[in-house]
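Chain by chain, the residues:
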Amino acid sequence: MMRWIRFLSCFLLIPAAQICLAGSLPREISRALVEAGIPAANAAFLVVNLDSGTTLLSHNPDAPMNPASVMKLVTTAAALEVLSPTHTWRTEFLAHSPAENGVLKTPLYIRASGDPKITWEDLERVMLRLRERGIAEFAGGVVIDKRIFVAGETDTGAFDNSPLRPYNVKPDAMLFNFKAVGFKIAPQVSGNTITISPEPFPEGVRVENTVRLTNGACGDWKSKLRASFDDGEKNATARFTGTYSADCGEREWFVSLLNHDAFFEGSLRWLWKKSGGGAMGVVRTGDIPAGVSVIDAHISLPLPAAIADVNKFSNNVMARHLLLALDLAKNPAPSQALRGASVVRSWLAAQGIAASELVLENGSGLSRNERISPRTLVALLRAMHRSPTAQIFRESMPIAGVDGTLARRFNQSSAAANAWLKTGGLNDVRALAGYLRRSDGKQFAYVGILNHPRAPQAFGVLERAVEWTYAQ
């Protein structure tokens, strides 16, 4: 009898969406989980009205879940609040004295800043400016001061045995071009050939190209191209064989090669020659002595630009650099990820978010160990909604059906252009979290996480929960 009373009270006395569904899963979502072969115990959802705090949907809200790249929301929110939106990274180029007759006889010193995004175009502009200053040779060589970071992990294949994938690149104080070579593949129809042009093209990287140009559908062009990479610490060979269809047009293949020091040195030498520079001498790491002066500097774009890259395109190494920057904001160098995680915890506590279940390892979500609950994530989303940096944070996320990792999702949905959501995915994780705006003007914090071996095939369950929110 009591069960029937509760049932009738839900549908006759109070708003069903607010109360009845808050402690259980709606039929549509339950059905989607069953169809995906995922037990309800392996799913967690929480949808809360941003303004009133009313819970629209709640299922396992306190379960500590692996969020994959959704953890980047935690790192980027803390970075915006602790570092401020005006934060930049400054990489300095220094020398003891001016060049004599075009020759810099003492070393060129580079003070690494931990900048998460120095591209080869950025470094090329610095090299050209040094040439304009009359420098033609670095007779004293180049010394790179990387003391701002503690020596980090070196096994890039430890996570999933894919050391050449750029998403596995580890942090480095002198991170350059994400330590990735972009091989540009272009058909030359007139000569019936394929050109493969690496950018950057570090000395130490060799390219062998015996690809045959064909016609027909492009399809899985990478498997037809049949590339192999022999990667060493200081030298690497990229071999391209097989075929490539003219219908594919120009494509790009990014590969992480060499170690950080060799990649930067090889790229620096390549760009110096490209700018018209001469001899460079020995390139090494070391400390910057007293008595040197800044002769040039590269200043990064402000923090919001970095955060947009992290969230819209799920850049792992940039997220990891943000966590290290958080440590440097509160502690002396060299920075450490564990201390950065403590800074994040302190910031959460200042927002009244206990986050006792939080496990923050590197801040990127590329981890088997990181954990967070939907309740903590929603609390963070609500805190950022009230923050002066709210718009920057929201706009850093992929917009449903528009850009980033959601450009091809929700295109025919009510969420299109009305949802800002960070995606997350590992072999046994699919996650989605952010903000939803309905046509009635109400806005919601949304979190959905699946932890199960079948999760990679079940992103549709998370989409179904988003659609359900819009349908209420």
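Residues numbered from 1 in each chain as written. Predicted model: local features only at pLDDT ≥ 70, side-chain atom pairs only at ≥ 80, totals over all residues. Heavy atoms only, no water.

**Comments concerning the sheet that holds strand β7 (residues 142-145)**
In a beta sheet, neighbouring strands are held together by backbone hydrogen bonds and run either parallel or antiparallel to one another.
Here is step 1 of the chain: Across the sheet, which stays open at both edges, the 5 strands sit in the order β16-β7-β5-β3-β17 with mixed pairing between neighbours. The two strands at the open ends of the sheet, each matched to only one other strand, are β16 (283-285) and β17 (293-299). On average, each strand axis in the sheet is inclined to that of its neighbour by 20 degrees, with strand direction left out of account.
Here is step 2 of the chain: The pairing of strand β3 (residues 90-95) with β17 spans 6 bridges and is antiparallel. When the sheet's bridge partners are listed, L94 is paired in β17 with V294.
Here is step 3 of the chain: Contacts between helix α7 (residues 260-274) and the sheet are confined to β5 (108-111), β7 and β16, with β16 contributing the most and set at about 145 degrees to the helix. (Pairing = 2+ DSSP bridges. Helix = DSSP H or I, 4+ residues; strand = E, 2+ residues; numbered from the N terminus. Axes fitted to C-alpha atoms, helices over the stretch in contact; angles between N-to-C directions. Contact = heavy atoms within 4.5 Å.)

**Some points on the pattern of salt bridges**
Here is step 1 of the chain: Tallied over the entire structure, the rule returns 24 salt bridges.
Here is step 2 of the chain: For K274, the salt bridge goes to E124, with nearest N and O atoms at 3.3 Å. Taken together, the residues K274 in helix α7 and E124 in helix α5 (residues 120-132) connect sequence positions 150 residues apart.
Here is step 3 of the chain: According to the relative accessible area criterion, K274 is partly exposed, its value standing at 43%.
Here is step 4 of the chain: The structure contains a network of salt bridges with shared partners spanning R206, E208, D230 and R239. (Salt bridge = Lys/Arg side-chain N within 4 Å of Asp/Glu carboxyl O. Buried < 20%, exposed > 50% of the residue type's maximum accessible area, 1.4 Å probe, protein only.)

**Section: the side chain of N168**
Here is step 1 of the chain: You can see N168 is positioned in the loop between β7 and β8 (181-188).
Here is step 2 of the chain: At a separation of 3.0 Å, a polar atom in the side chain of N168 contacts the main-chain carbonyl oxygen of S162.
Here is step 3 of the chain: Each residue touching N168, except ones within four places of it in the same chain, is listed here: T156, F159, D160, S162 and L366. (Polar contact = N/O pair within 3.5 Å; in protein donor to acceptor, adjacent residues only side chain to side chain.)

**Structural notes on the state of the cysteines**
Here is step 1 of the chain: If you walk through the whole model with that rule in mind, you get 1 disulfide.
Here is step 2 of the chain: Across the disulfide from C218 sits C248; the S-S distance is 2.0 Å. Linking C218 and C248, the disulfide has an S-S dihedral of approximately 110 degrees and is accordingly described as right-handed. Here C248 lies in the loop between β14 (243-245) and β15 (251-255) and C218 lies in the loop between β11 (212-214) and α6 (221-225), a separation of 30 residues in the sequence.
Here is step 3 of the chain: Of the residues examined, C218 reaches a relative accessible area of 13% and is grouped as buried. (Disulfide = S-S within 2.5 Å.)

**Notes on the packing of aromatic side chains**
Here is step 1 of the chain: As enumerated under the stated definition, the model contains 12 aromatic pairs in all.
Here is step 2 of the chain: Seen in terms of ring centroids, F176 and F263 are 6.0 Å apart; in terms of plane orientation they differ by 50 degrees. Their pairing is tilted. Here the residue F176 occupies a position in the loop between β7 and β8, and F263 occupies one in helix α7, the gap between them amounting to 87 residues. In this pair, the class of F176 matches that of F263, namely buried.
Here is step 3 of the chain: An aromatic cluster of at least three residues, connected via ring pairs, comprises F183, W221, F229, F240, Y244 and W253.
Here is step 4 of the chain: The ring of F159 is capped by R368, whose NZ or CZ atom sits 4.2 Å from the centre of that ring.
Here is step 5 of the chain: Taking the ring centre of Y435 as reference, the NZ or CZ of R394 above it sits at 4.4 Å. (Phe/Tyr/Trp six-rings, centres within 6.5 Å; stacked < 30°, edge-to-face > 60°. Lys NZ or Arg CZ within 6 Å of the ring centre and 35° of its normal.)

**Things to note about the sheet that holds strand β12 (residues 227-231)**
Here is step 1 of the chain: Strand order in this open sheet of 3 strands is β10-β13-β12, and the pairing throughout is mixed. The strands lining the two open edges of the sheet, one partner per strand, are β10 (205-209) and β12. The sheet shows a mean angle of 10 degrees between the axes of neighbouring strands, direction not considered.
Here is step 2 of the chain: The pairing of β12 with strand β13 (residues 236-240) spans 5 bridges and is classified as antiparallel.

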